[in-house]
Amino acid sequence: MSGYFSPQSCPATKPNMLNVHLIPHTHNDVGWLKTVDQYFYGARNDIQHAGVQYILDSVIPQLLADPTKRFIYVEVAFFSRWWRLQAEPTRQAVKQLVSEGRLEFINGGWCMNDEAAAHYNAMIDQMTLGLRFLQETFGECGRPRAAWHIDPFGHSREQASLFAQMGFDGFFFGRLDYQDKANREQLREMEQIWRASASLQPPGADLFTGVLPNGYNPPLSLCWDQFCSDSPVVDDASDENNVDSLVAYFLETAAAQAKHYRTNHIVMTMGSDFQYENANLWYKNMDKLIKHVNAQQLNGSQVHVLYSTPTCYLWDLFKANLSWSLKYDDFFPYADGPHHFWTGYFTSRPAFKRYERLSNNFLQVCNQLEALAGPVARTGPYGEGDSAVLRRAMAVAQHHDAVSGTEKQHVANDYAKRLAAGWDACQVLVSNALASISGNKENFIYCNYLNISVCPLTESAGTFMVILYNPLGRRVSWNIRLPVKGASYSVTDPNGQTVPNEVVPVSNFTRAVRRDRGDATHELIFPALAPPLGYSTYAVSKTASGALRSRLAKRIREQAQPRVDACCPREIQNEHLRVLFDPVTGLVREIQNLDKSISLRVSQNFFWYNASIGNDVSVQASGAYIFRPNRSEPLAVARQARTYLVKNKLVQEVYQNFSSWCSQVVRLYAGQAYVELEWTVGPIPIDDGLGKEIISRFETSLRTDGRFYTDSNGREILERRRDYRATWNLSQTEPVAGNYYPVNSRIYIKDKKFQLTVLTDRSQGGSSVADGSVELMVHRRLLYDDNRGVGEPLLEPGVYRDGLVVRGRHLVFLDTVESSADRHRLQAQQEFMAPQLVLAPGGGPSFHRGQRSLKQFSALKQALPPSVHLLTLAQWDPSSVLIRLEHQFERGESANGSQPITVDLLHLFSSFTITSLQEMNLVANQKREAMTRLSWRPATGAARRQPYPPLNPLAVTLQPMEIRTFLATVQYTGPRGGQAEL
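Cut-offs used in this document
- Residues numbered from 1 in each chain as written.
- Predicted model: local features only at pLDDT ≥ 70, side-chain atom pairs only at ≥ 80, totals over all residues.
- Heavy atoms only, no water.
- Pairing = 2+ DSSP bridges.
- Helix = DSSP H or I, 4+ residues; strand = E, 2+ residues; numbered from the N terminus.
- Axes fitted to C-alpha atoms, helices over the stretch in contact; angles between N-to-C directions.
- Buried < 20%, exposed > 50% of the residue type's maximum accessible area, 1.4 Å probe, protein only.
- Core = buried A, V, L, I, M, F, W, Y, C linked by side-chain atoms within 4.5 Å.
- Contact = heavy atoms within 4.5 Å.
- Salt bridge = Lys/Arg side-chain N within 4 Å of Asp/Glu carboxyl O.
- Disulfide = S-S within 2.5 Å.

## Things to note about the sheet that holds strand β26 (residues 642-647)
(1) Moving on: In space, the 9 strands of this open sheet follow the order β26-β27-β28-β29-β38-β35-β34-β31-β32, with antiparallel pairing throughout. Looking at strand neighbours, the two that pair on one side only are β26 and β32 (717-721), the edges of this open sheet. The average angle at which neighbouring strand axes cross in this sheet is 20°, direction not considered.
(2) Moving on: Summarising the sheet, strand β34 (residues 746-750) and strand β35 (residues 754-760) pair through 5 bridges and their orientation is antiparallel. Looking across to β35, one finds that lysine 750 is bridged to glutamine 755.

Here is the structure:
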C-alpha cells in the first residue's frame, strides 16, 4: 500500500482461517436531534444522551494502555474542536497513536456529507477542509485511505467518483435498499468495483466499494456500550458465566455473515451513534470476546478475531487478489422495507436547501475576492474579514442531517444561524476587497431580501450604484430587479452609456410574502453585463418631474391592470421563445423554440399528494425522510389560475394565481433562451388535518418510454427508468415515491428528437411517473413523524409561525436532443455561481489618495472557454492560492462542448503572477504525481493506469468531466493586488 500506510501496522491475520475484523467506531452526527455544540459538550441530554468530547477523552487512554487496540474517527468538525482543548502531552500521545495506526482517521471530511441534496462544489470543499486539518496536524499519517459513509440515506455515483479523485483506496457504506441487499447477499456481491464516471478514463473514477453487513451497528446481542442492554461477557466462576453460549453464538454469526462475502475476511462494526463515552465497557468485553473465541482454535475452530480498521480490512481484501464485478449506476432511491422509500428528504426544508446553495455561491465569491485582493481583504477599512467562518458553516451544512432536512427544527435554525454568521464575516471581506480593487471606500450594502423585493437603500435613495460581481470565468449577462418607490429611473453602465430600463409594480404575491418587511411599490428592471471574474458598476438615479412622473405612473398602473383583454393572456414571446397559454384555464399550454421551429405541447400546473399517515398495508407515514402519498394520483391545487400580463421591452410575464398559498410568474426576459417559472408556495394549509407534498408537474406529448434523466450532485447525468433497477428485479411497492430521485440541478425528458429540460435552484425530489411528464416536489408540510428517529413532524413554522413560505425558480429549456447540453450546462453553472449584487449610495472617498476608481474590472487576461469552469479560486496560505479548473461537459453530450480543451494557466490571471505551480489531487492533500491508489482488478480486465504527463502550465488540458487542482505560489502585481482594466 502506498504512502504512509504500512501493512505492518495492521494486526496479524491467519491465512487459513476466517478473519473477523472488529472495527471499534463511533458515529457522531454533526447536528441532528441536538445542535453541533450541544452534541460536542453533551448539553441537552434530555433530548439525547451524547457528548462527543467525552468519547475522545475516554477512548485515548484505552488505546494508550494496550497496543493491540484500535479505534477509528471520522468527523473532523468535532475532532478539531476537541484537539484545540488538549494540552501538549495529550497531543503528543495522540500523534503517537496516529503514527502507529492505532487511532485511524477514516473519511476525514469536516462532516459525513449527504449524497442526495449536496452539490459537488460544497462536497469537495467540506472534504478539503477536514483533510487539510488532518494533514497539517498529523502529516501523512493522518491521511485517510478509506471513505466511510455509513449513515447517508442512499449513495450517489458522483460521490464515488469524487472519492476516487481524492485518492481513496476504497469506500464502505451502511445503507442500501433492502431488496438490493438481499440480492447482493445471495450473489455474494456485497463488495464490488464502482465505475463512477461515464466520462473519466478508468480507473480514474473506479472505487472499490463494500456494503457493511449490519448497517453500522454491532451484530445483535454484541453491543457493550453504556446505552446497550446486552449481557457483558462473564468469564469468572459465576452463575452468570456465559462464555460458552456467547462464543458459540459469535461463531454462528460469523459463519452466517461469511456466506455473503467472497474472501476469508469479514468485518463487524463495533459501535454506533455517539457510543464510546465510556470506552472501557466496549474494550473490556471485546478483549474477552477475542480471547475466548481465539482460544477455540485449539479445539479446531477456524475463526480468528482481531481489532482492526477499515484500512487494514481493505488491505487484506486487496491481497486476496480476486477480480471484482463492476457497478455502473447508483444506490438511489433507498428503501429500508416495503413502502419505506427515503425520497422525501430530497425536498425537505426547501428554504434551507436554497439558503445552503446561495451560501455556497457567496462563499465562492468571498474566496475569489480574498485571493484577488490579497491581504487587504482580510484587514481593511471595513474591519477584519474572514472567509473561514462561512467555509466552516458550509461544511457543517453538508452533513447528512443538515442539507438533507432531516434534523429537528431547533437544529435547522442553528445551521442557518451559522451560515448567517459566515455571511457577515464574508461581507466585511468582500467590502475590503471591492474598495481596494475599485479604489473607492463606498458604504457597501448587501440586500439579502431581493427575492421578496426588500432593500431599504434602493427604496429610499434618489441615486445609488449597483456593483455586479461575476464569479464565472466567462462574461455573463444578468437581469437586475431592484425594489423602488419611484416611477422613472435612468441607468448608466461603467462607460456612462444609458442602459434601457423598465419599472413594473410589485405583485400582490410578493406583498403577501414580505408582509411588513418592506414597502417598495415597484421594481426597477435593467439588463447588466459583468466581465469574467470581475465586476461592472452601474449608476442609477431617479428622474422625471411631477407631470411626467404621473403620466408614467398611470402607464405602469395600466400595464399591470387585469383589463378584459389582458385577463386571459394568450402568449408571451421574445426573440427565441414563445409561450402559449390556455385562454380558459390560464395554464401554460405550449412552448415554441423559434430558433429551431420546434413546438411542443406542455401543460404545467401545481398538484399536491396527500401524505399518508399509515394504513392497513403499512403503518409507514410520510415524514422528513420518507415520502409516501396515500394515493398515486395527486390533487390539483386549482384547475385554473387567475392571470394577468405585464409586458414591456425588457420582459413579458404572466402572473398566475392558483390559490391563496400558491402562485407563479411565467417570465421571458428579452434575449433569454429559457422560460423562467418563479413559484411561490406556502404557508401550506393544514387546518383540514391533511399533510401535503406540493409538486410542479409538466405534461408533454413526448414519447419517453419510461425514461427520464437526473443529475448526480450537479455533475454527470444518470438515466432513470420507471419501476426499474439495473442490478435486481424490483418489486415495486410505491409507484410514486419508489420512482423519485434526487435532482440537484436538472431533470429532463426526451424523445428521439426533442428534449425538455428543467433546471432547479436548489435540490429537490423529481420523477416522471407517466410517459411525457416530469415533476419536481417544491415544498412539503407534514403532520406526523415518520419514525426514523427525528421525533417531530416536518411542520416548519416559518418566520411568522404560521407556516413556511418558499419562493424559487424553475428554468425550462426546449431544444433538440443534440443541442440541449450546450444550453443546460452553461445555465446550470450560472445558477449555482450567480453574479453577486453589492449596492452603495455612491460618493465614497478614494481608497488611496490619488487612486483612480475602476468602474469595471476583470481578474482574467482572457475569458475561459465556455466548457471550462473555474471551480475554485481561494487563498491557501499567505503566498499561495488553490485553483481548480473543471471541464463541465460529459463525453459525447455536445459536439463542441465535449472536446478536450487546453488552457494557459500561467498567464490566465491579471491580479497576480504565478511564480510556481504544483498539481495536486482533488482535495490538495497529495501531489498528483505521488497519488497512487490500490489497483483493484475488475472482472472485465484491468484498466491501464495512464501515467500523468508532466505539468505544462502554458497548456493545461482538460478531458470531459475532468477536474484539475493546483496550488499556485503567487506574487501580487501592484500596490493593492493589481488590476486589469477592460
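## So, helix α10 (residues 310-319)
(1) Moving on: Where burial is concerned, most of α10 is hidden: 8 out of the 10 residues are buried.
(2) Moving on: Of all the positions in α10, only Pro310, Thr311, Cys312, Tyr313, Leu314, Trp315, Asp316 and Leu317 are classed as buried.
(3) Moving on: At the C-terminal side of α10, asparagine 321 shows a positive phi close to 60°.

## A look at the nonpolar core
Generally speaking, soluble globular proteins have nonpolar side chains that are buried together.
(1) Moving on: Among the nonpolar cores identified, the biggest contains 219 residues, and Ile883 and Phe909 are the most heavily contacted of them.
(2) Moving on: Per-element tally for this core: the top contributor is helix α13 (residues 409-438), with 11 residues.
(3) Moving on: Every residue in contact with isoleucine 883, bar those within four places of it in the chain, is listed here: Leu870, Thr872, Leu873, Leu905, Phe909, Ile914, Arg964, Thr965, Phe966 and Ala968.
(4) Moving on: By size, the runner-up hydrophobic cluster in this structure holds 22 residues, among which are Leu457, Val484, Leu524 and Phe526.

## Focus: the pattern of salt bridges
(1) Moving on: If you walk through the whole model with that rule in mind, you get 53 salt bridges.
(2) Moving on: Aspartate 46 is the salt-bridge partner of arginine 44, the closest N and O atoms lying 3.0 Å from each other.
(3) Moving on: For arginine 44, a relative accessible area of 39% gives the class partly exposed.
(4) Moving on: Residue classification places aspartate 46 among the exposed positions, given a relative accessible area of 59%.
(5) Moving on: Ionic pairing is found between aspartate 705 and arginine 707, a salt bridge with its closest N-O pair at 2.8 Å.

## Focus on the state of the cysteines
(1) Moving on: For the structure on display, the rule yields 4 disulfides.
(2) Moving on: A sulfur-sulfur distance of 2.0 Å marks the disulfide that ties cysteine 10 to cysteine 312. Given an S-S torsion of about -90°, the disulfide between cysteine 10 and cysteine 312 has left-handed geometry. On the criterion of sequence distance, the pair formed by cysteine 10 in the segment before β1 (18-24) and cysteine 312 in helix α10 is long-range, its members being 302 residues apart.
(3) Moving on: With relative accessibility at 12%, the residue cysteine 10 sits in the buried group.
(4) Moving on: Its relative accessible area of 2% is what places cysteine 312 among the buried residues.

All we've got here are geometric facts, nothing functional implied.
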